[in-house]
Amino acid sequence: MSAKVWLVGAGPGDPELLTLKAVKALGQAEIVMIDDLVNPAVLEHCPGARVVPVGKRGGCRSTPQAFIHRLMLRYARQGKCVVRLKGGDPCIFGRGSEEADWLSEHGIEVELVNGITAGLAGATQCGIPLTLRGVARGVTLVTAHTQDDSTLNWPALAQSGTTLVVYMGVAKLADIRDGLLAGGMRADMPVAMIENASLPQQRDCRSSLAAMQHDALTFQLKSPAILVIGEVAAEPQALQLAISA
Ligand code: SAH
């Protein structure tokens with residue numbers, strides 16, 4: 001049998017935000033290797049598969065990436081239909097391309113299946129348009145968590161004129177605030193902090209750049225959460241008024 005691994009995005013949490021292609025891949029899977037940000041409800045699409053949890057949440061016991069690579073390879077070489085299921089989109093802060101490259105180098109065919117990434121879903125679920133004519137000309141997806149502790153180019157981000165969507169930022173709110181303020185962003189820039197986007201327990205805390213760390217503490221913001229920083233994070237109604245004025 002030809003060895004193949006499907007690297008599939010499970011979307012942000014709401015099982016109905018799964019793509020039809022993901023459902024199809026799950027339907028033929030024999031092995032499903034699943035990250036812990038994936039909503040287990042999506043497993044209803046692969047009732048016959050063996051589910052192997054390989055999650056690695058910050059602070060918890062983690063599965064080393066090399067182990068995940070070897071496990072995918074082993075199952076694929078056994079001729080099994082393997083689905084590697086990741087939260088959101090496999091290639092947005094998901095190491096999907098690393099896994100794809102590694103498998104290809106080892107002679108395994110790979111198919112990538114998009115998922116809806118948490119940043120896009122969270123904003124939409126809260127009524128925030130990430131781009132808006134005359135207000136936000138683009139979107140920048142950025143992680144606050146770097147492997148080598150290198151710093152982001154804060155002035156470039158602050159002055160980009162795009163909406164910033166920050167992943168993995170909950171523990172770094174003070175750094176993000178300080179960096180963007182030093183980079184020239186205004187202190188009252190609207191911010192939305194969206195926890196558990198697209199799930200029934202979704203919460204949305206609105207704040208400003210200067211106040212976000214304090215407000216997140218009061219709100220008891222927890223991971224997983226994304227930050228939306230930019231004019232569009234103002235109340236949708238207020239924005240509509242501003243545009244029509
Ligand atoms: N590949 C994923 C991102 C993985 S990085 C995607 O495309 O969505 C993990 C980070 O994603 C979390 O720290 C958080 O910032 C964000 N995230 C994932 N799921 C989320 C959710 N349901 N709500 C809010 N943020 C989420």
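Keep in mind that what you see is a predicted model, and the values were worked out from it rather than measured. (Residues numbered from 1 in each chain as written. Predicted model: local features only at pLDDT ≥ 70, side-chain atom pairs only at ≥ 80, totals over all residues. Heavy atoms only, no water.)

Draft legend 1. Local environment of the packing of helix H6 (residues 173-182) against helix H7 (residues 212-219). Interaxial distance between H6 and H7 falls to 9 Å at its minimum, and their mutual angle equals 160°. Classified by the angle between their axes, H6 and H7 sit roughly antiparallel to one another. Between H6 and H7 lies a crossing of right-handed hand. Each of Leu 173, Ala 174, Ile 176 and Arg 177 in H6 lies in contact with H7, whose residues at this interface are Met 212, Gln 213 and Ala 216. (Axes fitted to C-alpha atoms, helices over the stretch in contact; angles between N-to-C directions. Helix = DSSP H or I, 4+ residues; strand = E, 2+ residues; numbered from the N terminus. Parallel < 35°, antiparallel > 145°, perpendicular 65-115°, else oblique. Left-handed = near helix turned anticlockwise from the far one by under 90°. Contact = heavy atoms within 4.5 Å.)

Draft legend 2. View of the pattern of salt bridges. Here the structure, examined in full by the defined rule, presents 12 salt bridges. The partner of Arg 177 in a salt bridge is Asp 178, with the nearest N and O atoms 3.0 Å apart. Owing to a relative accessible area of 19%, Arg 177 belongs among the buried residues under this scheme. Shared partners join several salt bridges into a network, and the residues in it are Lys 4, Lys 21, Glu 109 and Glu 111. (Salt bridge = Lys/Arg side-chain N within 4 Å of Asp/Glu carboxyl O. Buried < 20%, exposed > 50% of the residue type's maximum accessible area, 1.4 Å probe, protein only.)

Draft legend 3. Inspection of the sheet that holds strand S5 (residues 109-113) at higher detail. Ordered by their spatial adjacency, 5 strands build an open sheet running S3-S2-S4-S1-S5, and the pairing between neighbours is parallel. The open sheet has two edge strands, strand S3 (50-53) and S5, and neither has a second partner. On average, each strand axis in the sheet is inclined to that of its neighbour by 20°, with strand direction left out of account. As judged from the 4 bridges shared by strand S2 (residues 31-34) and S3, these two strands associate in the parallel manner. Counterpart to Ile 34 in the pairing with S3 is Pro 53. The sheet strands contacting helix H3 (residues 96-105) are strand S1 (4-9), strand S4 (81-86) and S5, and the helix crosses S1 at an angle near 175°. (Pairing = 2+ DSSP bridges.)

Draft legend 4. Structural context of a nonpolar patch on the surface. Where nonpolar side chains cluster on the molecular surface, the patch consists of Phe 93, Ile 116, Leu 120, Val 139, Leu 141 and Met 168 and spans about 450 Å² of accessible area. Locating Leu 120 in the fold gives a position in helix H4 (residues 118-125). On the basis of relative accessible area, Leu 120 is assigned to the partly exposed category, the value being 40%. (Patch = residues over 30% accessible without salt bridge, like charges linked within 9 Å, V, L, I, M, F, W, Y side chains within 5 Å. Areas by Shrake-Rupley, 256 points an atom, 1.4 Å probe, with all protein chains shown as cover.)

Draft legend 5. Seen up close, the pairing of S2. Side chains Ile 31 and Met 33 of S2 all project onto a buried face; the interleaved residues Val 32 and Ile 34 project onto the opposite face, where all are buried too. In this structure, S2 lies alongside S4, joined through 4 bridges in parallel fashion. The residue of S4 that forms the bridge with Met 33 is Arg 84.

Draft legend 6. Seen up close, the environment of Ala 174. For Ala 174, the position within the fold is in helix H6. Judged by relative accessible area, which is 22%, Ala 174 ranks as partly exposed. For the pair formed by Ala 174 and Ala 233, sequence separation is 59 residues and the distance between their alpha carbons is 19 Å.

So far we have only geometry, and geometry alone does not tell us how the molecule works.
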